[in-house]
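Per-entry structural report
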Amino acid sequence: MIYILAIESSCDDTSAAVLRDGVLLSNVTASQAVHEQYGGVVPELASRAHEQNIVPVVDQALKRAGVEKEQLSAIAFTRGPGLMGSLLVGVNFAKGLALSLGIPLIDVNHLQGHVLAHFIREEGEPYSPPPFPFLCLLVSGGNSQIIRVNAYNDMQILGQTIDDAAGEAIDKCSKVMGLGYPGGPIIDRLARQGNPDAYQFAKPNIPGYDYSFSGLKTSFLYSLRDWLKDDPDFIEHHKEDLAASLEKTIVDILMKKLRMAVKETGITHVAVAGGVSANNGLRNAFHDYARRYGWTVYIPKFSYTTDNAAMIGIAGHFKYQDHEYCDINSPAFARMQ
Ligand code: KG4
C-alpha cells in the first residue's frame, strides 16, 4: 500500500492530508483569521501562523486517517509558487520529517495541484475525473490561466493574465467598497441578490488567450468615485447591483477566452480550478456553456477549490508511482519556474 502525507503552506492556509493508494483518508486545514483586519495576507504574519499550526495540523491529519507516521511511503509538499516565508515552513517541515523517517520527498507545483484536484478520490464518493486531454481554467488570488492538460505531468499554459489575477481583482474591488477580506465570497453572496446588468465596467481587448484585469479594476474604482460624489451612500444603496455587475464582467472576460480555446483546440472537456472556482456565477456559466455548446464540464467540490493539501497529495501520489522524487537540497520557489 502507498501512504502519502501531503503538506500545503504556500499562502495563508496550513493544510495536511493523508492518502492511501490515491484515496483521500484525511484533509485538515487551519486558516488564518489574523489577516482579515489588514484586508489582505500579511506575509510575515502568515509564516508565523504556519509555524504555530504545522505540527498540530499534521498530527490531526495522521490521527483522522488512522495512520502512524512509520507507515508513510513518502511526503509530498508544495514547493512553489507562493509566499517564500510561508513555503519555507512546509518545505522544511517536510524535509525534516522525510529525513527522520528515511522516506522519499516529492515536490509539487501548487498550480498543478489545483488542476489535479479533479482527481481527488474519496471512499464511497462518485469518481468521474476528466479524460486527457482537457482544458482547465485555473482562477485564484494569484493566477488566471487557461491550461491544456495532456497528462498528470504534462500541462501546457495556453494563456494567462498579464497583470492582476481574477481573484485579486475581486478582492481589490471589494476592498474599495469597504467590504471584508477575502472579497470573493462576500461579492458572491451579494451578487446573488443584485442585477448583473445594472452597471457596465471596462473589458480588456488583448490578443490570444491571455487575460487582463487591471483595466476593469481601474474602471470600477473611477466609476465608484464619480457615483459617490453624487451620493455618499451609493455603495450601501447599491452594493448588490455593484457586486452582481462586477461578477458578471469578470465571468464574461473569463468565459470569452475559454470558449475561444475550446473552439480552436476542439477539446470540449473543460474543468475549472482554484479559489475563484467557488464562485456561483462562474459555476452557473460553466453549466450554461455545457448546455449551449455541448461541453462536458468538471467543477470541483467547494472544499477543494481553495488551497488544500488533498490536491498536493494526489499530485504527489502520481509522482510517487513514476518514482519522481526530489532532492533534499531542493529550495522552495516563490515564482513560476
Ligand atoms: O486558490 P486560492 O484559495 O488561493 C490562491 O490564490 O492560491 O484563491 C483565493 C481567491 C481569493 O481571491 C478569493 O477572494 C477567491 O479566491 N474566492 C472567490 C470565492 N471564494 C474564494 N472568488 C469569487 N467567489 C467566491 N465564492
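Keep in mind that what you see is a predicted model, and the values were worked out from it rather than measured.

**Considering the pattern of salt bridges**
In the structure shown here, the tally under the stated rule is 19 salt bridges. One salt bridge in this structure joins Asp 252 and Lys 203, with 3.2 Å as the shortest N-O distance. Of this pair, Asp 252 sits in helix α7 (residues 234–265) while Lys 203 sits in the loop between α5 (183–191) and α6 (214–230), placing them 49 residues apart in sequence. The class of Asp 252 is partly exposed, set by a relative accessible area of 26%. The residue Asp 288 makes a salt bridge to Arg 291 at a minimum N-O spacing of 3.9 Å. One end of the pair is Asp 288 and the other is Arg 291, both in helix α8 (residues 280–293) and three residues apart, which spans about a single turn. Residue classification places Asp 288 among the partly exposed residues on the basis of a relative accessible area of 24%. The network of salt bridges with common partners includes Asp 164, Glu 168, Lys 172 and Lys 217.

**What to know about the domain arrangement of the protein**
Interface size is commonly expressed as the accessible area that is lost once the parts come together. Once the domains are mapped, the protein shows domain 1 (3–126 + 305–321) and domain 2 (134–302). Computed from C-alpha atoms alone, the centre-to-centre distance between domain 1 and domain 2 is 27 Å. Taken together, the 18 residues of domain 1 in the interface contact 24 residues of domain 2. Taking both partners together, domain 1 and domain 2 bury about 1,700 Å²; carbon and sulfur atoms supply 69% of that area. Contact with domain 2 buries area across many residues of domain 1, yet Val 115, His 118 and Thr 305 alone supply 39% of it, more than any other trio.

**What to know about the environment of Ala 166**
Tracing the chain through its elements places Ala 166 in helix α4 (residues 166–176). For the pair Ala 166 and Leu 254, spaced 88 residues apart in sequence, the C-alpha separation works out to 8.4 Å. The contact partners of Ala 166, leaving out residues within four places of it in the chain, are Val 139, Ser 140, Ser 144, Phe 213, Ile 250, Leu 254 and Val 276.

Conventions and cut-offs
Residues numbered from 1 in each chain as written. Predicted model: local features only at pLDDT ≥ 70, side-chain atom pairs only at ≥ 80, totals over all residues. Heavy atoms only, no water. Salt bridge = Lys/Arg side-chain N within 4 Å of Asp/Glu carboxyl O. Helix = DSSP H or I, 4+ residues; strand = E, 2+ residues; numbered from the N terminus. Buried < 20%, exposed > 50% of the residue type's maximum accessible area, 1.4 Å probe, protein only. Domains from an automatic or database assignment. Contact = heavy atoms within 4.5 Å. Buried area = accessible area lost by both parts, 1.4 Å probe.

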